[in-house]
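Structural overview for review
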Amino acid sequence: MSACFAVLPAAGSGSRFGAQHAKQYALLDGQTVMAHTVQRLLSVPEITDIAVVLAAHDQLAERVIAGLPVCRVIGGAERMDSVLAGLLALTDAHDDDWVLVHDIARPLVRPDDIRRLLTACADDPVGGLLAHAVRDTIKRTQPVAQGQVADSRCVAQTIPRDELMHALTPQLFRYGLLRDALLAARADGVVVTDEAAAMERLGHSPRLVTGARDNLKITYADDLALAEFYLAQQRAQGVCP
Ligand SMILES: Nc1ccn([C@@H]2O[C@H](COP(=O)(O)OP(=O)(O)OP(=O)(O)O)[C@@H](O)[C@H]2O)c(=O)n1
Ligand SMILES: C[C@](O)(CO)[C@H](O)COP(=O)(O)O
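Residues numbered from 1 in each chain as written. Chains lettered and ligands numbered in written order. Predicted model: local features only at pLDDT ≥ 70, side-chain atom pairs only at ≥ 80, totals over all residues. Heavy atoms only, no water.

Points about the site of ligand 2
- Near ligand 2 you find Arg16, Arg79, Asp103, Arg106, Ala167, Thr169, Thr193, Asp194 and Lys217, and these make up its full shell.
- Between ligand 2 and Arg106, the relevant distance is 2.9 Å, taken from an oxygen atom to a side-chain nitrogen or oxygen of the residue.
- Protein chains bury 75% of the 360 Å² of accessible surface belonging to ligand 2 in isolation. (Near = heavy atom within 4 Å. Polar contact = N/O pair within 3.5 Å; in protein donor to acceptor, adjacent residues only side chain to side chain. Areas by Shrake-Rupley, 256 points an atom, 1.4 Å probe, with all protein chains shown as cover.)

This is how it looks when you write it as structure tokens:
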């Protein structure tokens, strides 16, 4: 199998989380979210190099990753910019190598899910991503009128959910294809919120591999309690030490 590099975007400010420090430094069972995520990725032997992409003003990361076999990269204004900075820092990567992009804010990713994604994509010329099926009925809202309170929206349409999935990370793509797709999106002034969208813009259809629902992205403050629950559940299942 081609070499597999990892890029961990960790340069976000966590505005929706609303704490003094970015959410990657929130404590989850006594360790930072960042520490959990990096340890999960380090536990996957197929991953050869890991780039952690940090905000230029980050003063906390070194307390977490000092001494770990990861390289530090400075990110950008958008997640997409940070991912691209991480890619461009991987100077040993060849176009056909794999790059696995995983949010630092997803500390509970299961190493077995990562390995299943690697296996499922092993012979794929493009790559794919972890995802899980939508369970609720999904509504598209009517446009929010100027000054209208967001919570007073009305239904415009029900979206058939049989073809809907939640995109997660890791997202795994051939290094050269992803680099060029993100450069193309940037050149076109398009901000994509995941790597797959950049690939789809160029006509690719990334493979969807079902992943566990406990691969939660810490986004809002109340996500931390849910993450604590999922972590305890994973420990009871032997998923992690
Ligand atoms: N300029 C950015 C923005 C986000 N991220 C990273 O991308 C992941 C997913 O982004 P998100 O959950 O939106 O994190 P934040 O941008 O920090 O959150 P918010 O949008 O609430 O500010 C996170 O690991 C975050 O650190 C990044 O590396 N660079
Ligand atoms: C990449 C991602 O986690 C897939 O669901 C998501 O798009 C990140 O979005 P965010 O707004 O940057 O958290």
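Remarks on the UniProt feature "site: Transition state stabilizer" (unreviewed entry) in the protein chain
- Sequence positions flagged by UniProt for "site: Transition state stabilizer" (unreviewed entry) are, in local numbering, Arg16 and Lys23.
- Here Arg16 lies in the loop between strand E1 (4-10) and strand E2 (27-28).
- Setting aside residues up to four positions removed in sequence, Arg16 forms contacts with Lys217, Thr219 and Tyr220.
- With respect to the helices and strands, Lys23 occurs in the loop between E1 and E2. (UniProt positions renumbered as here; feature names shortened; annotations may be inferred. Helix = DSSP H or I, 4+ residues; strand = E, 2+ residues; numbered from the N terminus. Contact = heavy atoms within 4.5 Å.)

Here's the deal with the nonpolar core
- Ranked by internal contacts, the top residues of the largest apolar core, which has 32 residues, are Met34, Leu41, Ile47 and Leu100.
- When residues of this core are traced back to their parent elements, those giving at least two are E1, helix H1 (33-42), strand E4 (47-54), helix H2 (61-65), strand E6 (98-101), helix H4 (111-121) and strand E10 (165-174).
- Those residues within four positions of Ile47 in sequence are excluded, and the remaining contacts are Cys4, Ala6, Leu41, Leu100 and Ile114.
- Judged by nonpolar contacts, the second largest core, of 25 residues, contains Val7, Val73, Leu182 and Ala196. (Core = buried A, V, L, I, M, F, W, Y, C linked by side-chain atoms within 4.5 Å. Buried < 20%, exposed > 50% of the residue type's maximum accessible area, 1.4 Å probe, protein only.)

Section: the sheet that holds E6
- Pairing is mixed in the open sheet, where seven strands are placed in the order E5-E4-E1-E6-E10-E7-E11. Edge positions in the sheet fall to strand E5 (71-74) and strand E11 (207-210), since each of these pairs with one other strand and no more. Sheet twist, expressed as the mean angle between neighbouring strand axes with direction ignored, is 30°.
- Bridge analysis of E1 against E4 gives seven bridges, and the strand direction is parallel. (Pairing = 2+ DSSP bridges. Axes fitted to C-alpha atoms, helices over the stretch in contact; angles between N-to-C directions.)

Quick notes on the site of ligand 1
- Ligand 1 sits among 18 residues. The nearest are Gly14, Ser15, Arg16, Lys23 and Ser82.
- Within the backbone of Ile104, a nitrogen or oxygen atom sits 3.3 Å from an oxygen atom of ligand 1.
- Within the side chain of Lys217, one N or O atom sits 3.0 Å away from an oxygen atom of ligand 1.
- Contact with the protein chains hides 88% of the accessible area of ligand 1, taken as 560 Å² for the molecule alone.
- Among the secondary structure elements, those contributing two or more residues to the shell around ligand 1 are E1 and helix H3 (79-89).
- Each residue belonging to the shell around ligand 1 can be placed in one class, and the counts come to six nonpolar, six polar and six charged. (Nonpolar A, V, L, I, M, F, W, Y, C, P; charged D, E, K, R; others polar.)

Section: the environment of Lys23
- On the basis of relative accessible area, Lys23 is assigned to the buried category, the value being 11%.
- Sequence separation between Lys23 and Ala66 is 43 residues, and the spatial gap between their C-alpha atoms is 19 Å.
- Excluding residues that lie within four positions of it along the chain, Lys23 makes contacts with Gly14, Phe17, Val33, Ala105, Lys217, Ile218 and Thr219.
- A polar side-chain atom of Lys23 sits 2.8 Å from the main-chain carbonyl oxygen of Ile218.

Overview of the UniProt feature "site: Positions MEP for the nucleophilic attack" (unreviewed entry) in the protein chain
- Here, UniProt's "site: Positions MEP for the nucleophilic attack" (unreviewed entry) annotation points to Arg161 and Lys217.
- Considering the arrangement of structural elements, one finds Arg161 in the loop between strand E9 (155-159) and E10.
- On the accessibility criterion, Arg161 (36% relative accessible area) is partly exposed.
- Those residues in contact with Arg161 that sit more than four places away from it in its chain are Val134, Arg135, Asp136 and Thr137.
- A distance of 2.8 Å separates a polar atom in the side chain of Arg161 from the backbone oxygen of Arg135.
- If you trace the backbone, Lys217 turns up in the loop between E11 and helix H7 (223-236).
- Lys217 gets classed as partly exposed once you look at its relative accessible area, which sits at 24%.

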